Amino acid sequence: MALERTFSIIKPDATERNLTGAVNAVIEAAGLRIVAQKRIRMTRQQAETFYAVHKERPFFGELVDFMISAPVVVQVLEGENAIAKYREVMGATNPANAAEGTIRKQFAKSVGENSVHGSDAAETAAVEIAQFFSGNEIVG
Ligand code: DAT
Ligand code: MG
């Protein structure tokens, strides 16, 4: 399989606890390369657009409030099979169900405050990367 790119967010619960480097160490140990990265404070509009697919869910308001509560680090990760590989490295959405060694098992506080986001498919990866990065910000 060719090199693939996925979109990642190190979420507010992780940046607040100064875990950006610890999360990046797990990412890099898994063989994924960080080819773009910036620390931003998401606007409410950006968070609502990003999570629009969940807008009817009961946790949507809480999710948006959380995502804008502190800085996040947005990233593009590159590697063989990067989308599925990063989902594996992240672990299950609810840290109670996440496998040993995964980012969420090690760092997540709860199902809502679960330290990282990773794209779930090629189509969503492309849309999510384009929401936060222009082509010349990604250096592979
Ligand atoms: P993932 O982030 O693993 O792709 P998802 O797309 O189903 O999970 O949900 C997006 C985010 O929404 C998730 O990371 C945290 C929040 N979320 C999901 N289910 C939740 C729940 N039952 N209660 C609170 N927040 C939830
Ligand atoms: Mg998801």
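Residues numbered from 1 in each chain as written. Chains lettered and ligands numbered in written order. Predicted model: local features only at pLDDT ≥ 70, side-chain atom pairs only at ≥ 80, totals over all residues. Heavy atoms only, no water.

The cut-off we apply is this: UniProt positions are given in the numbering used here, feature names are shortened, and annotations may be inferred rather than shown by experiment.
The name an unreviewed UniProt entry gives the protein is Nucleoside diphosphate kinase, with Alsobacter soli as the organism. UniProt annotates the protein under Cofactor (unreviewed entry) with the comment "Mg(2+)".

1. Structural notes on the nonpolar core
For clarity, the threshold we go by: In these notes, a set of buried Ala, Val, Leu, Ile, Met, Phe, Trp, Tyr and Cys residues joined through side-chain atoms within 4.5 Å is what counts as a nonpolar core. A 1.4 Å probe rolled over the protein chains alone gives each residue an accessible area, and that area as a share of the maximum for its type sets the label: buried under 20%, exposed over 50%, partly exposed in between. Secondary structure elements follow DSSP: runs of H or I of four or more residues count as helices, runs of E of two or more count as strands, with numbering from the N terminus. Throughout, a residue-residue contact means that at least one pair of heavy atoms, one from each residue, lies within 4.5 Å.
The biggest cluster of nonpolar side chains holds 22 residues, and the ones touching the most others in it are Phe7, Ile9, Met42, Met67, Val74, Phe132 and Phe133. Of all the secondary-structure elements, those providing two or more residues to this core are strand S1 (3-10), strand S2 (33-40), helix H3 (44-50), helix H4 (60-67), strand S3 (72-80) and helix H7 (122-132). Beyond its immediate chain neighbours, meaning those up to four positions away, Met42 contacts Ile9, Ala47, Met67, Ile68, Val72 and Phe132. Listed in part, the 16 residues of the second largest apolar core include Val23, Leu32, Val89 and Met90.

2. Some details on the site of ligand 1
Selection criterion: The cutoff for a nearby residue is simple: one of its non-hydrogen atoms must lie within 4 Å of the molecule or strand. Identification of polar contacts relies on pairs of N or O atoms within 3.5 Å, with a donor-acceptor requirement for protein atoms, meaning one able to donate a hydrogen and the other able to accept it, and with residues adjacent in sequence counted only if both atoms are side-chain atoms. Computed by Shrake-Rupley with a 1.4 Å probe, the accessible areas treat only the displayed protein chains as cover when residues are assessed. Here the term charged refers only to Asp, Glu, Lys and Arg, the term nonpolar to Ala, Val, Leu, Ile, Met, Phe, Trp, Tyr, Cys and Pro, and the term polar to all other amino acids, Gly among them.
Near ligand 1 the following residues occur: Lys11, Tyr51, His54, Phe59, Leu63, Arg87, Thr93, Arg104, Val111, Gly112 and Asn114. Contact between ligand 1 and Arg87: an oxygen atom at 2.9 Å from a side-chain N or O atom of the residue. In this structure, an oxygen atom belonging to ligand 1 sits 3.0 Å away from a side-chain N or O atom of Arg104. Computed on the free molecule, ligand 1 has an accessible area of 520 Å², of which 77% lies beneath the protein chains in the complex. Residues belonging to the shell around ligand 1 are distributed by class as follows: four nonpolar, four polar and three charged.

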